[in-house]
Amino acid sequence: MNKTILNMDHIVKYIFDAYGKPIKGTNVKILNDVHFDVREQEVHILIGENGAGKSTLMKIIGGIIPHDEGTFELFGQQVHFTNPRQSQAMGIGFIHQELDLCTNLDVAENLFLGREIGGVLADKKEMYRRAHEMLMQLGFDIDPHTLVRDLSTAQQQIVEIVKAISYDSKIIIMDEPTASLTQSEIDHLFEIIRSLKEKGVSTIYISHRFEELKQIGDRMTVLRDGCFVGTMDMEDFTYDKAISMMVGRQLTQMYTCTHKPQSEELLRVENLKISPRTEPINLTVRKGEVVGLGGLVGSGRTELAKSIFGVHPYYGGSIYYKGQEIRKPEPKKLIDAGLMYLTEDRKTEGLVLQKDIAQNITLASLGKLFPSTWIHPKTEESKADEMIERLNIICRGARQKTGTLSGGNQQKVVLGKWLSTGAQMLILDEPTRGVDVGAKAEIYEIIDQLAARGVGILMISSELPELIGMSDRIYVMRRGTISYEMTDKTEFTQEGILAHTV
Amino acid sequence: MEKTNRISAGERIRNFVKENGSFVIFMLICLLASCTIPRFASIKNFALILKQAAIPIIGCLGMTCVLMTGGIDLSLGYMIGLSSISIGLLIKTYEVPIALSICLTLLLGAAVGLINGLCVQKIRVPAFITTLGTGYVLLGVAQIISNGASINRLPQAFLILGKTKVLGKLNTTVLISLAFCAVFYYLLHCSTFGRRLSAFGLSEPTSRLSGIQTSRINISAYVICAVLASVCGMLLSIDVNCAQPTMGGGDYTFTIITGCVLGGVSLFGGVGSVPGVIFGMLTLKVINNCINLMNAPYYLGSAIQGIVILLDIILENIKNRKL
Amino acid sequence: MGTQFPPFSSLIRGLDRPDKKERLLVKKAKNYKAQIGIAVVIVALIAIVGIRIPKFLSLENILNVIRQTSIVSLVSYGSAMVIIVKGIDLSVGGLIAFCAMVSGLMMKAGIPMAIAIAAGILAGAIMGLFSGIMVEKLEVPAFITTLVIGQVANGFALMLNGGNSIGGFSDAYVFIGNGKILGIPVSIYITLFFVVLSYLIMNRSKLGTHIYAYGGNAQVVRNQGISTAKINYFVFTFSGICAAVAGILLSAQMNTVHPAQGGNYQLDAVAACVIGGVNMAGGEGKVYNALLGALLIGFLRNALNLIGLHPYYQNLIVGVLIIAIVAFSMYKRHKKVELSKVY
């Protein structure tokens, strides 16, 4: 068995702010007593659902945020990184999904950025020569004079890998590297990873593409809800085992389900493609029905919602609402017809944080509420009060700025905006993300009440228990299209859903 | 709805200053001037200041709309020049009826604003580049159609629109300005348009996803600004009884921007207040007035203006950081 | 540097490409696409106008135009750098007036010319640095910062001499503006000096690479531990220096310092950069291309003059050119982004 070069034990990370510091007054743990170790010359796969804590763990290893508790030992030394350069200096190379390159510079300039050769005047000739040498030695025939933006994604990744190796990285973290690669490029990447392994460089490989994992991995660690579930040798890997490790949690009873779906169809999507390269999507939502839409991050759920709502292009296919085709979807048109979209990111797309509750709640219905264009403050406030009461928004009043509310209450304000505009079909994108437990239960109740009154709901969620508890039917998305539809409630299992997301 | 805890007097004052900064600054400067300059505190002088501030304030109203979208209109001063010479040509040279001439000049403003708006919204050229370019185009056009010459002695029927005496010391121009202020107070503070404009400036994604037609709002801001610039051009021509292609210009644009910034309008968009810019511009004109009364050289004004806006921007930024 | 890897024959995978030699030539040609394009336009312009008006082609005229253009081209080098880091410098007009006034007043007061000029340049550098600090530390957008600084500088130019011009400088000063060495105007030497300097900075020094990188992706630069403050301070200070030199040169050419001489130079500077292919979106464009852009505008203005078209048309055309070119490049960029939306 190879030597362990990275060892993390009992790692705890509390929920953090933009600077990586724990947010005061909360005890929410993003990582709870996590163990993770990497050996010499291995490819170690890391899997887990959305929000399991994978990227947080990697950020700690990469030095982007510090860990709050626990031990982190690297090459025999105790470390506690506070900035990425420390991690880089100790031999960790991080290849992010959004590549860390300047696309307007060429390959050599990117490779040497920050450590250019020469005195006051740079020695360009030497730089290109060395870059060429580096690339050739690793077996890549990329001209160092090429501008990065002219390279394919696979080639850009190679540049990043070369950069990491040139910094003497002994462990390279790759975050979803195969997301935009063709099969032959994936094969090439795997060859590179294997040869790196031979030469003493380990790889931490984050991915949920199960079919690739067995090809490339030596061991696999599973995280779930911020906790360490276990590590297995890839020889023992099976789909079922991995999925049950990812999922195995109890279903809490906080979901209300008193509504009954009607038979009348409200929204229908036919053969819609969210990008030229993906498969067509077919989906329906009926009146009074709660339809769940599951899938991992990047599977296209938000893109689908935005395509329906008219703020994302789609390629081919049609959208039908209340039986009529919507040719050119546009937010205003759809809102007027009763179709509304509660966005994933409430801070930048759902609320105007600098404005108060009343102003946010009326934002989508200004024309309807104030046909004379005169905004009556009292009308606005009473609408807001109505929503505050109905949704139990905890605040100092209708004139409190939304930026000062808690996450759960902010989400309720956004909900209030759509409810007060008379929603008949609601697309909810992660409605309970970042919301505390109490508010979550209240939101579930509201969703149920809406469905009971005939509102159709398409609920995008990464939380499997939520999907199972609230939905009448579940669609699962994968790689830009629907991979499976579950109509029978007995089919609703976490393992079952997850199996179709990978 | 519960009341918040009792606020201390100090905090009350701080809140008031924050909310009504431009008014406070204005009062402070007037106070200072009254105490140090003997001829400042007279009705005649105040009337003079009001008359001088009346026209630029109209320009500020338009610029505020554009600033609230997060953009800027650097062509405003040159639009003033173009509209000035246009109204002169229409009324005096081509003898078009006054009412029609005014309409045509306003339409011209609308057309220019439309071009600005389309470039910024549809083609996504940054506002400062677009309006920088259109500004010089307007300057060129103004000079070409007039051959560089001004038109003097405009018809009396046109002049009375602005010069008729009101309340002894004021004139109709001030009334017109007041009317615009009232209209824009409503527009920006009480109407759905103002709400949408402000939301757009603060968070374009949220506005778009809430069904606001962001494209229309953005373009209309530029149209409004150019039309108001057109009004300024006409009123200025009445004021000096001369239609000039060089009326306004880059310096005038800068004065307007300074007035807006002093009036609390945020350069990042979303925040703007009509009373704010009124007092902002009044403050600038008071400063100019003081310079005159003290017999200080005229150019001091432009230097001080520049420093004033510099200080304001710096202080604004420091304040934002502190919070 | 780095771990030594023996070559892996199993991994050498060639990308489909033509013969290496050919590729290099084609690549070189592509790099100079912008220069070639502008040069072609200039030559075409000269040819078309020259046929109509022979005077246009006279050596005297051409040298004169180049001499006059040197002002704009000087300013455009600094502006180009600022645009590359996604900013803009609208203060150049004011600085041209202010810095010339500073050195002019000093010369009139009897201070040796060399020191007076140095002082003027220093003044420009300080104003530029101030802009850079406001942009970096206070995060005020560049266009408003430089707009304001420009106005302040203009105001100072008026104030320093009570709104009056200064005239009648020493012969040495006039020589700088109008003299010739080896048949070529001194102004051109000065311009060339700055072109070479800009080239060395942007294309041959580490700082240049950092500037381009910062304009391309600021986050990457920060991640590498490179100080973004230094980059911002430098580009704005350099722009200030360029404007100062331009102003002093302009006064030398006119043998006058006029407080309003700053005029609309920022317009021509931006136009020169834009025509020279410096992209408003940042991160791209060769600074010395701004020279070609400035030449193009210079010859264009001269040609319009000689044809008999009123100067009024010139601003108009330049304005339209700017908008057209920027709009076109923005449009192209949009198309590219949409097409590259890989899922």
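Note that this is a predicted model, so its numbers are computed, not measured.

A. Layout of the overall build of chain C. Helix and strand content of chain C: 14 helices and four strands. Buried positions account for 48% of the 343 residues belonging to chain C. The long-range fraction of contacts in chain C, counting pairs at least 24 apart against all pairs at least 6 apart in sequence, stands at 79%.

B. Expanded view of helix 3 (residues 43-68) of chain B. Residues and elements named next belong to chain B. Helix length check: helix 3, at 26 residues, gives a terminal C-alpha distance of 35 Å against a target of 38 Å (1.5 Å per residue), a fit within 8%. At Ala54, helix 3 is bent by approximately 35°, the largest bend along its length, and proline Pro56 sits one to four residues beyond. Two residues or fewer past helix 3, Gly70 is found with a positive phi of approximately 90°.

C. Focus on the interface of chain B and chain C. If you look at the interface, chain B gives 33 residues, while chain C gives 37 residues. When residues of the side of chain B that touches chain C are traced back to their parent elements, those giving at least two are helix 6 (127-146) and helix 14 (300-322) of chain B. If one sorts the elements of the side of chain B that touches chain C by residue count, helix 6 of chain B sits on top with 13 residues. When the residues that make up the side of chain B that touches chain C are grouped by side-chain class, the tally is 23 nonpolar, nine polar and one charged.

D. Region of interest: the pairing of strand 6 (residues 92-95) of chain A. Residue and element names in this part refer to chain A. Residues Ile92 and Phe94 point to one face of strand 6 and Gly93 and Ile95 to the other, with burial holding for every one of them. Inspection of the sheet shows strand 6 paired to strand 7 (residues 171-175) by four bridges, in the parallel sense. For Phe94, the partnering residue across the bridge sits in strand 7 and is Ile173.

E. Seen up close, the sheet that holds strand 13 (residues 290-294) of chain A. Residue and element names in this part refer to chain A. The six strands are arranged 16-17-18-13-19-20 in an open sheet whose pairing can be described as mixed. Looking at which strands have only one partner, the edges of the open sheet turn out to be strand 16 (339-342) and strand 20 (481-486). Neighbour-to-neighbour, the strand axes of this sheet turn through a mean angle of 20°, independent of strand direction. In the sheet, strand 17 (residues 425-429) pairs with strand 18 (residues 456-460) via five bridges, with the strands oriented parallel. Residue pairing across strands places Leu428 opposite Met459, the latter belonging to strand 18. Helix 18 (residues 494-501) rests against strand 13, strand 19 (473-478) and strand 20 of the sheet, and its axis sits at about 30° to strand 19.

F. Summary view of the interface of chain A and chain B. Taken together, the contact between chain A and chain B spans 23 residues of the former and 20 residues of the latter. For the side of chain A that touches chain B, the elements supplying multiple residues, two or more each, are helix 10 (331-337), helix 11 (346-350) and helix 13 (366-369) of chain A. Here the residues of the side of chain A that touches chain B sort into 12 nonpolar, eight polar and three charged.

G. Examining the nonpolar core more closely. Core analysis: the biggest nonpolar cluster contains 338 residues, and A:Leu426, A:Ile457, B:Cys225 and C:Cys99 have the highest contact counts within it. Of the residues forming this core, the biggest block, 17 residues, is contributed by helix 11 (residues 214-240) of chain B. Setting aside residues up to four positions removed in sequence, A:Ile457 forms contacts with A:Val290, A:Val291, A:Leu426, A:Leu428, A:Ile447, A:Leu450 and A:Ala451.

H. Representation of the confidence of the model for chain B within the structure. Residue and element names in this part refer to chain B. Looking at chain B, the pLDDT average stands at 89 and 96% of residues meet or exceed 70. Here helix 1 (residues 9-19) stands out as the element of chain B with the lowest mean pLDDT, 72, in contrast to helix 11, whose mean of 96 is the highest. With pLDDT under 50 throughout, residues 1-5 is counted as low confidence; its partners more than four residues away or in other chains account for three contacts.

I. Focus on the sheet that holds strand 12 (residues 281-286) of chain A. Residue and element names in this part refer to chain A. With respect to topology, four strands assemble into an open sheet ordered 12-11-14-15, the strand pairing being antiparallel. Whereas interior strands pair on both sides, the edge strands pair on one side only; in this sheet they are strand 12 and strand 15 (324-326). Pairs of neighbouring strands in the sheet enclose a mean axial angle of 15°, with direction left out of account. Bridge count between strand 11 (residues 265-272) and strand 14 (residues 318-321): four bridges; the pairing is antiparallel. Across the sheet, Val269 pairs through a bridge with Ile319, a residue of strand 14.

J. Local environment of the environment of B:Leu187. Residues and elements named next belong to chain B. Along the chain, Leu187 falls in helix 8 (residues 172-190). A residue is classified by how many C-beta atoms lie within 10 Å of it, and Leu187, with 19 of them, is partly exposed. The spatial distance from the C-alpha of Leu187 to the C-alpha of Val274 is 9.6 Å, given a sequence separation of 87 residues. Residues contacting Leu187, with those up to four places away along its chain left out, are Phe193 and Gly194.

K. A look at the pairing of strand 17 of chain A. Residues and elements named next belong to chain A. Extensive coverage of strand 17 is indicated by the burial of five of its five residues. As paired strands, strand 16 and strand 17 are joined by four bridges and run parallel to one another. The residue of strand 17 that forms the bridge with Tyr341 is Ile427. For the crossover that starts at strand 17, traverses helix 16 (residues 437-452) and ends in the parallel strand 18, the hand is right-handed.

Rules used throughout
- Residues numbered from 1 in each chain as written.
- Chains lettered and ligands numbered in written order.
- Predicted model: local features only at pLDDT ≥ 70, side-chain atom pairs only at ≥ 80, totals over all residues.
- Helix = DSSP H or I, 4+ residues; strand = E, 2+ residues; numbered from the N terminus.
- Buried ≥ 20, exposed ≤ 12 C-beta atoms within 10 Å, placed from the backbone.
- Contact = placed C-beta atoms within 7 Å.
- Expected span 1.5 Å × (residues − 1).
- Bend = angle between axes of the 7 residues up to and from the residue.
- Nonpolar A, V, L, I, M, F, W, Y, C, P; charged D, E, K, R; others polar.
- Pairing = 2+ DSSP bridges.
- Axes fitted to C-alpha atoms, helices over the stretch in contact; angles between N-to-C directions.
- Core = buried A, V, L, I, M, F, W, Y, C linked by C-beta atoms within 7 Å.
- pLDDT = per-residue confidence, 0-100.
- Right-handed = clockwise from strand over helix to strand, strands pointing away.

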